[in-house]
Each structure stands twice: as structure tokens, then as C-alpha cells.
Amino acid sequence: MFKDFKKVILTEFIKKKRSGIFYLSLVIGSFIPLFMFVIKLIAYDESDNQILGLAVNYYEELFKLLLLPFALFFFPLVIVISASRITQIDHKNKGWEFMETMPVSKLSIYFSKYFILLLSNALTILTFLLVTIISGWLFVIIHQPAAYINTELPFLFVTKIGLRLFIVGICISGFQYAFSVIIKSFIWPLVVGFFCLLLPLFLKEQGIVLNWYPYYFLNLIQEYPYGSDFGNLFTYSDWLSLIYAFLFLFVGYNWYNFKGFSNAFFNSKKNLFKGLGVVTLLVVFFVYVLKPNVLSSHSKTIITGTLESNIEINEAFLLESFTKDTVAKININNGVFKTIINKNLSLGDYVIFSDRGALASVTLGHNDSVNLNIKVFNRPSSFTVKGTRIAENIKPKGNRSFTAISYYLQNNSRIEDSQFFMKSIYKDWQKELSEMYLLRSVDNIVPREDFVALNRKKLSAKHLQRWYSYTKKRKVLFPNVPFEKTKHIMELENSISLTDNSLLTDTNYFNLVSQTLIEDDQRDLDDNTKFFDAIEKLPESQFKNSILFFQLKKVIEQVGNTKERDSLITRYANTINNEDYKALVVKRNEVLNKFSAGIYASNFLAYNIKNEDFNLSDYAGSYLLIDVWASWCGPCKQEAPYFESKASKYKGKSIKFVSISVDQDENAWKIAVKGKNSIVQKLRVKNIKGFGKDFNLSGIPRFILIDPLGKYVNSEFLRPSNNSFDVVLEQLEGLN
């Protein structure tokens, strides 16, 4: 048997020598790495090299970038073309019939050609890996990356990617080869191959994911390049690939051997039972592997992990994402932390926050154990979450916050067409619910039922809030035109309660409750006052306490002066029966008062690129508008041209425009400001931690307006891109 196979293989090599199959593998395997190498050389920006910001491995990041086009298109393209080419050469020249006259088995004939196809796959993968490594190495030599970028070759990472690509290639090759053997036409195997290749890309755009579909497994490789979260060699999709490969090869060979599907499986009881037995066994394995797994809760609520950073961070805090309430303190020792939380933690979204800013966001609840790996360097942190909530912490791809319905509502379009809005809102709701149910990790872990139930209600609130926004607009624009609700809209309305305390931290739900409580209040008052009055009329409950706390906290953060805030606290804080909530809102008011208009701003010490020192008193006698930014901050860069434009517009008037960088890396700041417009004075603060505390920095960009006496006008001024920027600025007294 082995001698037959070896003989046929050698024959196949001779026949395929001039077919160009292996040349195709070399060309396509090297195309993407070489193309990206040339593009990066042409479009190289020194600042990008200096402020990548994360202690990442250069080669890992390069492979992540190139895997998307290679795994999703170019690699399966090689399989489709090569399988068709290998089989069609013999279809065209009657090579199949000739081979069958030789003293070799049909099994050897069939699998020798499949072996050639696998060699083509291996050559494509190997070329891709090697050319990526070599091109990356050359780029590192030409443009030395920042010191914190690791340039060691991650051999295990590269090997695992190559192995996973090859395993999925075995599966897809089995199908494509079998189809090309069965169908003698050259065109149809190509058409079917391209259809199968493009189908998951099209379905993904429609929000449809077929997690059992072989071509989709390639997407999982580029989406999860590190493989299993548990360190397993194979993921569930890799095992499914092997099951599929066995099935395709079994069916394909028997079809070829017996010259037809009916002859292969229905011409005798032996063949029938053999086929049924193999298929049944494979189906059992398939169902077992594909069955989703749910992780059990832990005996305690624990947060563990590691922190890599170029700045010293010794402590952080776990905050509730909506209220910013401190849940627990996290002590960090030598980059390692472990915190046990004894209080009963509600399932929800939390933020790990330090004086460096937000380090990570995590979804967890009572008796969950989560492990985080956080990296913080010169840009916003990156992090991974493992533990009992792996699937719950998968962030959905894309952003559906703005849809066609959002556009029509924003522009008051088609308001008269109630059927359109009801149909579209329901359709969007169902689509997002379907996407939530499809959440699963690379190890086939799915969210627990409590998370699914909570997020179903959040999605209902999101779309119900849009529906109520529509009905409000319709009442104004078409007050005398009635309409009848569809059963689908009534299903949406009945999907959540409007007194659900667990949902109050969700912005959409909070706005929905607010709209509902004041919709019949026709008094000539602002909505906040109406909402406070409506809350007071609610029966005593935890829900009333919670919604009053959230509303009071929201309003005092919107109010610009100390007197009005204090008045609100005096009026409503004592009506909150929850002492923790009461303490939180009082403390928040005290913090806001420190940065209110009329309060003297803290002094700061900063320097320019010439190493000349500046402080707040240097700007006495004129207004000062500060842009707090960093070189790694994308939104900061977007605002910078507007800030410079405004500085040019108000040149000669009694206002100074100054940008103050909070870059940890001084070189990154110098590169970013070198050669820039000098109309804006560019400084870097000396004590970044102290500056952040003194000016209550929770994020950037941040614009701070200070008057000629050194007092706050607005500690959180409008961004210069805002259309109201000039209107507000020109109202300043003494601006001439």
C-alpha cells in the first residue's frame, strides 16, 4: 500500500511540475507580507514608530495585521484554485482513467492528489510565515522601533498560527478536492469555491454567524490568533475541521471509487451500513464538539491579574461604570494583583481605575473569578479578560448605536410612516438579540443565563427608548393622525418592566424611564424639574432611591455654579434613604464645587521644547484656554486643528491658547510637537500625576478655561470643534 502511494506521488509530482501550482503558492503566500512591507516603507511616519505605546511584540502585531486578508481570502483562494487545477489536468487529459489502468489502488490515486493539494497548502502557509518574519526583520533594521517594543521572534505563536491554518486547510481542501473530482467542469468548482469563500464575509455584514461553517473557522484564526484561552493546542473549530475533513474525504473517495453517490452508499447493504455508521459516528463527535459550554461560578468574588507598565502603578480601584462608586481597592505589587471582594456584587460593567486613568473594563458579578492581563504604556491600556466570565467579556464587533432609525429620528424624516418605524425598530431589536445569542469564545464558551437575561432587557430598553422618541415626535408633528400598534411593538413594550432596579445603570433604560414618567406632564417647566417631581410621587422602594440618586448625580454634574448645585443637594439628598447613595452624591458635589466657576485654579509647572518653564501666573491678566492632550490620544489629534484655528482667530485678543501634554514619554511629546504651528504654545507638565489630581482629569482631551485672575470660568469647556464654541467664548467679559 505504501509503495503504491509513493509511486503515485512521484507520478503526480512529474505531472504537476509544469502546472504552476507550487509557484502559485509561493506568489500568494508572499504577496500580502511584501505588499504591506512596501506600503509601510512608503507611508512611514516616525511618530507612529515612537508612540505605538504598548509593550507588544512587533512580530505578533504584524501577524495580527496580515492574518485578516491572508486567512479570510488569499489562503482559501489558493485551495480553490489548486484543487481545481490538480483535478482538472487529469479530467482534461483523461489522466484518471489512465491512472486506474496502473497496478495501483484507487485509494492511492485519490489520496495522492489530495496529498499534493496539502503540500500546496503547507507551502503557502510556510511562505506566508517566513516572508512575514523576514519583511518584519528588515523593517526593524531600517526603522528601529521604540525601546518598549519587543522584537524577539515569538516562535510558539507563529508555529501555532501555522498549525491552525493547516488544520482548517485540511478541512476546506477535503471539500474542494472532492467537489473538483466529482464535477469535471473547470468552472463550477471555482464558482462553488468562491461562493463558499465569500459567503461568511457577506453573512458577517448581515450580522449572521455560522459557527459550524468550515470557511468561518479561518475567521476565528485571525480573530483569536493566540488560540485557546485555556492553553489548549486545538480549539473547538480545529476539532470540527478534522471531523469535516474525515467526512469530506470519506464521501469523496467512495463517490470516486464507486462512480457515483448512489453506487457508493446504496448499491449494497454493506455500503449502506458502512456509510451510516461512519456518518453517525461523525455526527456524534460533531454535536459533542459543537455543544456550547457554560462556565460555573466561583466560591468567591475574586479579581486577579498582571499589570505591565512603564510607569509605577501601586494601586487601582474597581468602580461601578455608571455611578463611579468604588467597589474595591486593588493593591498592585510588582505588577501582580489579587483582590477578594466580600460584598454582594451585582452583575454588570465595572472599570478598573487608577491615577493613570481607566486601566480596564470588565463584566462580572457575585462569585465570579476573573483574571486580567493589563498593559499600560504611552497610550490607553490594552487588556484581556479570562476566568468565569470569558464569553461575557467578548466585545461585539461593530457599532449599532447609530442605525437608519437613528438617522430618521434625528432628521425628523418619515415620521408620518408609523408602519415603517414599528417594523424597523422591531427588526433592529431582533437582530441585536440574535447577535447576542451568538456570542461565544474561541473555546466555545457561551455567556451564562443571567448575563443573557440582563442584556436582553438592556437591548429592549435601547429599542424601546427609540420607539418612545418616535411617538413623542409624532404627537408633535401629527397630533390628529392616530395609528395602531403592531403586535411586535407590544411585544417590545412588554419585554421589560419600567421599575427594574437592576437596569438603572443602563443609560438607555434611565432615559426611557425618564421619558415615561414625564410624558403627560404639560407644565411649563424644564424636564429635570418634572422628573424630580415625578420621582417624589413614586412609592417608597429601592427603585425610587436608586433613580433619585442617579438623577441628582446627573443634574449636579450638568449645573455650572456652586449655589445651584448646593440647592439641589439640600432639596433632594436627604430624601435618599440609602446612606451609601447619599454619601456618594454629597461627595461628588464637594468635588465639583472645587472646580466651579469663580474658584481659583491650582498652579501648575510646565515647560516647552526649549526647556523654558511656565506656570499659571505667567498668564495673569488674560484669559487662558488650556488643551490637555497626549500624543497617543486619537480624539486629541482630531481636536488639535480646531484648537489651532481658534487660536489664530482670536490672536491679538486677551486670551492665550496653550496645549499641555500629559505624555509619560517625553520623546513622544517632542516628536509630536516638532515643527507644528507655533500660534499655540506647546508645553509638557512636569508632575503629571499631581496635575491630573489638581485639575480632576478623568479623561482627555480636556479643555479648561481660566479667567485673568486665575479663576475657573469652566473647568470642562467646550471642545473647539463644537459649533457653540465661538458663541460661548465671545460672551466672555473683557475679551477684546
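Keep in mind the model is a prediction, meaning the values are calculated, not measured.

Reading the values: rules and limits
Residues numbered from 1 in each chain as written. Predicted model: local features only at pLDDT ≥ 70, side-chain atom pairs only at ≥ 80, totals over all residues. Heavy atoms only, no water. Disulfide = S-S within 2.5 Å. Buried < 20%, exposed > 50% of the residue type's maximum accessible area, 1.4 Å probe, protein only. Helix = DSSP H or I, 4+ residues; strand = E, 2+ residues; numbered from the N terminus. Expected span 1.5 Å × (residues − 1). Pairing = 2+ DSSP bridges. Axes fitted to C-alpha atoms, helices over the stretch in contact; angles between N-to-C directions. Contact = heavy atoms within 4.5 Å. Phe/Tyr/Trp six-rings, centres within 6.5 Å; stacked < 30°, edge-to-face > 60°. Lys NZ or Arg CZ within 6 Å of the ring centre and 35° of its normal.

Caption draft 1: Layout of the state of the cysteines. The final tally for this structure, using the stated rule, is 1 disulfide. Cysteine Cys 171 remains unbridged, with the sulfur of Cys 196 as its closest cysteine sulfur at 11 Å. In this structure Cys 196 comes out as buried when scored by relative accessible area, which is 10%.

Caption draft 2: Seen up close, helix H14 (residues 418-437). Along its 20 residues, H14 runs 29 Å from first to last C-alpha, staying within 8% of the 28 Å computed at 1.5 Å per residue. Looking only at H14, the buried set comprises Ser 418, Phe 420, Phe 421, Met 422, Ser 424, Ile 425, Tyr 426, Trp 429, Glu 432, Leu 433 and Met 436.

Caption draft 3: Representation of unusual backbone geometry within the structure. One non-glycine residue with positive phi stands out, namely Asn 412, at about 55°. Not every positive phi belongs to a glycine, and Asn 444 is a case in point at roughly 65°. Among the residues examined, Asn 444 registers a relative accessible area of 1% and is labelled buried.

Caption draft 4: Highlighting the sheet that holds strand E8 (residues 382-387). Read from one edge to the other, the open sheet built from 8 strands follows the order E6-E5-E2-E3-E4-E1-E7-E8, with strand pairing classed as mixed. Lying at the two open borders of the sheet, with one neighbouring strand each, are strand E6 (357-364) and E8. Geometrically, the sheet is characterised by an average inter-axis angle of 20° between neighbouring strands, direction not taken into account.

Caption draft 5: How the structure looks around the sheet that holds strand E9 (residues 605-607). If you walk across this open sheet you meet the 7 strands as E10-E9-E13-E12-E11-E14-E15, and the pairing is mixed. The open sheet has two edge strands with one neighbour each: strand E10 (613-615) and strand E15 (712-714). Going across the sheet, the axis of each strand differs from the next one's by a mean of 35°, ignoring polarity. Inspection of the sheet shows E9 paired to strand E13 (residues 681-685) by 2 bridges, in the antiparallel sense. Along E13, the bridge assignment pairs Tyr 607 with Arg 684. In this fold helix H23 (residues 666-673) packs onto E9, strand E11 (623-629), strand E12 (655-661) and E13, with an angle of close to 175° to the strand it touches most, E13.

Caption draft 6: Here's a closer look at the packing of aromatic side chains. Inspection of every chain in the model, using the stated rule, returns 52 aromatic pairs. Judged by centre distance (5.8 Å) and plane angle (70°), the rings of Tyr 110 and Tyr 253 are edge-to-face. Residue Tyr 110 is found in helix H6 (residues 106-142), and its partner Tyr 253 is found in helix H10 (residues 236-257); the two are separated by 143 residues along the sequence. For Tyr 253, a relative accessible area of 16% corresponds to the buried category. Relative to Tyr 177, the ring of Tyr 114 lies with its centre 5.8 Å away and its plane at 45°, an arrangement referred to as tilted. A residue pair is termed long-range when its members are at least 10 positions apart, and Tyr 114 in helix H6 and Tyr 177 in helix H7 (residues 155-182) qualify at 63 residues. Across this residue pair, the class does not change: Tyr 114 and Tyr 177 are buried. Grouped by ring-pair contacts, the aromatic residues Tyr 407, Tyr 408, Phe 420, Phe 421, Trp 467, Tyr 470 and Phe 483 constitute a single cluster. Over the ring of Tyr 256 we find Lys 106; its NZ or CZ atom is 5.9 Å from the centre of that ring. Between Arg 414 and the ring centre of Tyr 408, over which it is positioned, the NZ or CZ distance is 5.7 Å.

Caption draft 7: Up close: the environment of Leu 729. Position of Leu 729 relative to the elements: it lies in helix H25 (residues 725-729). As a C-alpha pair, Leu 729 and Phe 717 span 12 residues in sequence and 9.6 Å in three-dimensional space. Apart from the residues within four sequence positions on either side, Leu 729 is in contact with Tyr 650, Ile 655, Phe 657, Leu 705, Phe 717 and Leu 735.

Caption draft 8: Summary view of the side chain of Asn 211. Mapped onto the fold, Asn 211 is located in the loop between helix H8 (187-205) and helix H9 (216-223). Apart from the residues within four sequence positions on either side, Asn 211 is in contact with Tyr 216, Phe 217, Tyr 236, Leu 240, Leu 290 and Arg 440.

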